[in-house]
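# Results of the structural survey
If you want the building blocks of each chain, they are given just below.
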Amino acid sequence: MFKKILLTLLLVIPAGVAMADDYPYFAFQTSNGETKTLSVTGLKITFSNGNIVATNEEGANFTASIESLAKMYFSSTATGIDAIAESVAAEGEIYNVQGVRVGRTDEMGEVRGLPEGVYVVKRDGKTRKVLVK
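Residues numbered from 1 in each chain as written. Predicted model: local features only at pLDDT ≥ 70, side-chain atom pairs only at ≥ 80, totals over all residues. Heavy atoms only, no water.

### Topic: the pairing of strand β3 (residues 44–48)
As paired elements, β3 and strand β4 (residues 51–55) share five bridges and run antiparallel to each other. When the sheet's bridge partners are listed, Thr46 is paired in β4 with Val53. Between β3 and β4, which pair antiparallel in sequence order, lie two residues; one of them, Asn49, sits at a positive phi of approximately 50 degrees. (Pairing = 2+ DSSP bridges. Helix = DSSP H or I, 4+ residues; strand = E, 2+ residues; numbered from the N terminus.)

Following this line, the structure appears as structure tokens:
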């Protein structure tokens, strides 16, 4: 079973690299919910003694047992939070991280008057985290 999973990973990862030019980060999530994101610059992933070890050019690393690994994926952000600079693409409700509604975006999607920070924007039946800079 382990060999089958490892072989599948080795076959999928090279194909993913060829299609991942727009994703500067690679994320690892363990079964306990912890996520570690590494820059893909010089990223090297090895498997040894039942562990996965990832190291990038910057010296950042991730090590975990293969059994505890829930998923691996390419990411466009290092934190899972979408960065915005005073705008969101459409009208929606804005909440702070405590869940208190702090406003709405206007019909143009502008976020005005909020201090810098992390917010949750609900629109079109979807929710996403955003960072106001």
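### Regarding the confidence of the model for the protein
Per-residue confidence for the protein gives a mean pLDDT of 76; residues scoring 70 or more make up 68%. Below a pLDDT of 50 lies the segment residues 15–19, which in the model reaches two contacts outside its immediate sequence neighbourhood of four places, other chains included. (pLDDT = per-residue confidence, 0-100. Contact = heavy atoms within 4.5 Å.)

### Brief notes about the sheet that holds strand β6 (residues 69–75)
One open sheet accounts for three strands, arranged β2-β1-β6; its pairing is antiparallel. Edge strands, defined here as strands with exactly one partner in the open sheet, are β2 (35–39) and β6. The average undirected angle you get between the axes of adjacent strands in this sheet is 20 degrees. Across five bridges, strand β1 (residues 25–30) lies against β2 in antiparallel orientation. Across the sheet, residue Phe28 finds its bridge partner in β2, namely Lys36. (Axes fitted to C-alpha atoms, helices over the stretch in contact; angles between N-to-C directions.)

### Concerning the packing of aromatic side chains
Taken as a whole, this structure holds three aromatic pairs when the rule is applied. Measuring from ring centre to ring centre gives 5.1 Å for Phe26 and Phe28, while their planes differ by 65 degrees; the resulting arrangement is edge-to-face. Here the aromatic residues Phe26, Phe28, Phe62 and Phe74 are joined through ring pairs into a cluster of three or more. (Phe/Tyr/Trp six-rings, centres within 6.5 Å; stacked < 30°, edge-to-face > 60°.)

### Things to note about the environment of Lys133
One can find Lys133 in the segment after β11 (126–132). We classify Lys133 as exposed; its relative accessible area is 56%. Spatially, the C-alpha atom of Lys133 lies 5.1 Å from that of Glu116, the residues being 17 residues apart in sequence. (Buried < 20%, exposed > 50% of the residue type's maximum accessible area, 1.4 Å probe, protein only.)

### Regarding the nonpolar core
Membership of the largest hydrophobic core is limited to ten residues, which are Phe26, Phe28, Leu38, Ile52, Ala54, Phe62, Ala64, Ile66, Leu69 and Met72. Contributions of two or more residues to this core are made by β1, β4, β5 (61–65) and β6. Apart from residues no more than four positions distant in its own chain, Ile52 is found in contact with Phe28, Ile45, Thr46, Phe47, Phe62, Thr63, Ala64, Ile66, Leu69 and Met72. Core analysis: the second largest hydrophobic core is formed by six residues, Ile94, Leu114, Val121 and Val132 among them. (Core = buried A, V, L, I, M, F, W, Y, C linked by side-chain atoms within 4.5 Å.)

### Digging into the pairing of β4
Burial along β4 is one-sided: Ile52 and Ala54 are buried, and none of Asn51, Val53 and Thr55, which face the opposite way, are. Where β4 and β5 come together, five bridges link them in antiparallel fashion. Counted as the bridge partner of Asn51 is Ser65 from β5. Hairpin remark: β4 followed by β5, antiparallel, with five residues in the connecting loop; positive phi at Gly59, about 90 degrees.

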